[in-house]
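Here is how the chains run, residue by residue.
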Amino acid sequence: MSTTSTPRTTDSRSTDGDANPLTGVIAENIRNFRLRQGLSVDALAKLSGNSRAELTAVEAGQGPSSIDFLWTIARALDVPFSSLLSSGGSGGTTVIRRADSRPLASRDGRFSSRALFPFRGERQVEFYELRLAPGTDERADAHTIGTVENILVGRGVVEIETGDGTHRLEEGDTIQFDADAPHAYRNVGDGEALLYLVMTYVF
């Protein structure tokens with residue numbers, strides 16, 4: 001999710017030390033979407049509020065990209081966040097083992113987001129596992145109009161700040177809110193918080 005504080009870069013290596021295959025996928029998708037819309041690197045950098053140098057490095061697969069960087073690019077291109085992570089492929093049955101998953105995580109490891117199902121094309125529903133270390137305050141910018149977040153607390157105690165206030169949730173509690181306003185996820189417990197997020201949106 002995009003933060004309003006200093007961007008936290010995702011590690012270009014996965015949690016088990018292997019090179020993250022998402023780096024190449026993200027680079028190719030950003031470049032393809034940019035060219036498809038007739039945008040130069042400078043134009044997309046300006047639209048998204050990022051530096052030309054960072055965008056160039058990410059497109060070349062030469063640098064890690066932050067979660068908030070990807071959100072700004074998705075908003076500038078007016079495409080679902082998942083489209084930047086999609087590696088294509090056909091339908092059918094897919095099994096993703098936890099050991100084979102590659103979560104996007106902050107370099108300090110305090111926040112991570114793992115897609116629980118594969119991204120294929122433009123989906124209207126996305127399903128994530130979020131993990132927040134104690135004391136983590138993850139702030140997100142507004143998503144596109146019509147985006148709704150549905151969250152189940154699997155473990156821990158959190159505060160979810162939405163456009164209409166702050167809501168304290170414990171294990172087993174759920175919340176649904178319009179995510180087209182700035183919002184935040186805050187771990188106020190003593191241990192790691194585990195959240196399951198289902199995001200729905202309209203094109």
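Think of each chain on its own: its residues are numbered from 1, step by step along the sequence as written. Where totals are concerned, whole chains, interfaces and linings use all residues; where local detail is concerned, this predicted model gives features only for residues with pLDDT of at least 70, and gives and counts side-chain atom pairs only at 80 or more. Side-chain descriptors were evaluated using all non-hydrogen atoms of the structure, hydrogens and water having been removed beforehand.

(A) Looking closely at unusual backbone geometry. With a phi angle near 60°, D78 is a residue other than glycine that sits in the positive phi range. Runs of E in the DSSP output that reach at least two residues are strands. Runs of H or I that reach at least four are helices, and both are numbered from the N terminus. Among the secondary structure elements, D78 is positioned in the loop between α4 (67-77) and β1 (104-105).

(B) Layout of α4. Buried, partly exposed and exposed residues are distinguished by accessible area as a fraction of the type maximum, computed with a 1.4 Å probe on protein chains only: under 20%, between the cut-offs, and over 50%, respectively. Burial runs high along α4: nine of the eleven residues are buried. The set of residues buried in α4 consists of I67, D68, F69, L70, W71, T72, I73, A74 and L77. Where α4 ends, the next residue or the one after it, D78, has phi of about 60°, a positive value.

(C) Expanded view of the side chain of T147. When you line up the elements, T147 lands in the loop between β4 (137-140) and β5 (148-155). Think of a polar contact as two N or O atoms within 3.5 Å of one another; within protein, one of them needs to be a possible hydrogen donor and the other a possible acceptor, and neighboring residues in sequence only count if both atoms come from side chains. In this structure the side chain of T147 is engaged in a polar contact, spanning 2.9 Å, whose partner is the backbone oxygen of T144. Contacts of T147, omitting those with residues within four sequence positions, involve F177, D178, A179, D180, M199, T200 and Y201. Throughout, a contact is declared for two residues whenever any of their heavy atoms are within 4.5 Å.

(D) Structural detail: the pattern of salt bridges. The term salt bridge refers to a side-chain nitrogen of Lys or Arg lying within 4 Å of a carboxyl oxygen of Asp or Glu. Taken as a whole, this structure holds twelve salt bridges when the rule is applied. Here R131 and E129 are joined by a salt bridge, their closest N and O atoms 3.1 Å apart. In this structure E129 comes out as buried when scored by relative accessible area, which is 3%. What you see here is one network of salt bridges that share partners, running through D137, R139, E159, E161 and R186.

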